[in-house]
Amino acid sequence: MRIEEFDFSVDLLKSLQWQRNDSVNLIQLTQFKQNWYDENYTQFWQNWVANIFDLRTADAFGLSVWCIILQIPYFMIAVPSNDKPIFGFNEVPPININVNFENGNFTSSSYPEYTLSLEDQRIVCQLRYFQLISRGAIPEINQFLDYVFNNPEGTYQGGAWVLDNFDMTMTYVFNCNISNELYTVLVLYDILPRPAGVSLSYIRL
């Protein structure tokens, strides 16, 4: 969960030899160049890490880049209920999924598109990234879920965890009040980690 810290600072004054310590004009010119590097180099890369590279702090542009890389949606169709996934005859994938009538809600192409909140986008990207690198073991999944859904600085508190039902199924339990948009994306796009051949069920407390 740690990202290696990089030092992007450049100290041009180190290039001055001690014989030129009294060269006022040279020192001033070097300082002007140092100021330019601080503003246009050091600050640029610090912002790049914070706004694009780091999934914990990425801004809207950075998250849109990650959505393309990770092949996950940036927009989604509006959800008519707050507790169930959507089902219907919309031609826009993946809405037309195999969810039976008792466990789904109808939708149509008339529903508007919604953008996930920045915090929800960060969570989706982190879960998708973890899904790609995870071996699907219960302990490591629960450790990651605790990091994402029980982060003191995050939106959702209360935690989430996964249970092994010992019958080739797993159950994800959300003890936090996640948004309906986030929940639908997690279910429809199969973003939550799981071993191959294991089916998932979901519980929202």
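Right above here is the structure, for reference.
Since the model is a prediction, treat every value here as computed from it, not as a measurement.

Draft legend 1. Geometry of the pattern of salt bridges. Per the counting criterion, the structure on display carries four salt bridges. With a closest N to O distance of 2.8 Å, Arg194 and Asp190 form a salt bridge. The partly exposed category is assigned to Asp190, whose relative accessible area is 28%.

Draft legend 2. Layout of the sheet that holds strand β5 (residues 160-164). Judged by pairing direction, the sheet is mixed, and its three strands sit side by side in the order β5-β6-β7 without closing on themselves. At either margin of the open sheet sits one strand with a lone partner, and together these are β5 and β7 (199-204). Ignoring strand direction, the axes of neighbouring strands in this sheet form an average angle of 20 degrees. Where strand β6 (residues 169-174) lies against β7, six bridges are found, and the strand directions are parallel. Along β7, the bridge assignment pairs Val173 with Ile203. Across the face of the sheet, helix α4 (residues 138-149) comes into contact with β5 and β6 while running at roughly 165 degrees to β5.

Draft legend 3. Molecular detail of the nonpolar core. One finds Leu127, Phe149, Tyr172 and Phe174 to be the most contacted residues of the largest nonpolar core, which totals 35 residues. Only α2 (60-70), α3 (118-133), α4, β5, β6 and α5 (180-188) provide two or more residues apiece to this core. A total of six residues in this core trace back to one element, the largest contributor, which is α4. Leave out the neighbours within four places in its chain, and Leu127 touches Phe144, Leu145, Phe149, Leu186, Ile191, Leu192 and Pro193.

Draft legend 4. Quick look at the packing of α3 against α4. Look at α3 against α4: their axes get within 11 Å of each other, and the N-to-C directions meet at 165 degrees. Judged by the inter-axis angle, α3 sits roughly antiparallel to α4. With respect to the hand of their crossing, α3 and α4 are arranged in right-handed fashion. Facing α3, whose interface residues are Ile123, Gln126, Leu127 and Phe130, α4 presents Glu140, Ile141, Phe144, Leu145, Tyr147, Val148 and Phe149. Residues that form the contact of α3 with α4 fall into these classes: nine nonpolar, one polar and one charged.

Conventions we followed
Residues numbered from 1 in each chain as written. Predicted model: local features only at pLDDT ≥ 70, side-chain atom pairs only at ≥ 80, totals over all residues. Heavy atoms only, no water. Salt bridge = Lys/Arg side-chain N within 4 Å of Asp/Glu carboxyl O. Buried < 20%, exposed > 50% of the residue type's maximum accessible area, 1.4 Å probe, protein only. Pairing = 2+ DSSP bridges. Helix = DSSP H or I, 4+ residues; strand = E, 2+ residues; numbered from the N terminus. Axes fitted to C-alpha atoms, helices over the stretch in contact; angles between N-to-C directions. Contact = heavy atoms within 4.5 Å. Core = buried A, V, L, I, M, F, W, Y, C linked by side-chain atoms within 4.5 Å. Parallel < 35°, antiparallel > 145°, perpendicular 65-115°, else oblique. Left-handed = near helix turned anticlockwise from the far one by under 90°. Nonpolar A, V, L, I, M, F, W, Y, C, P; charged D, E, K, R; others polar.

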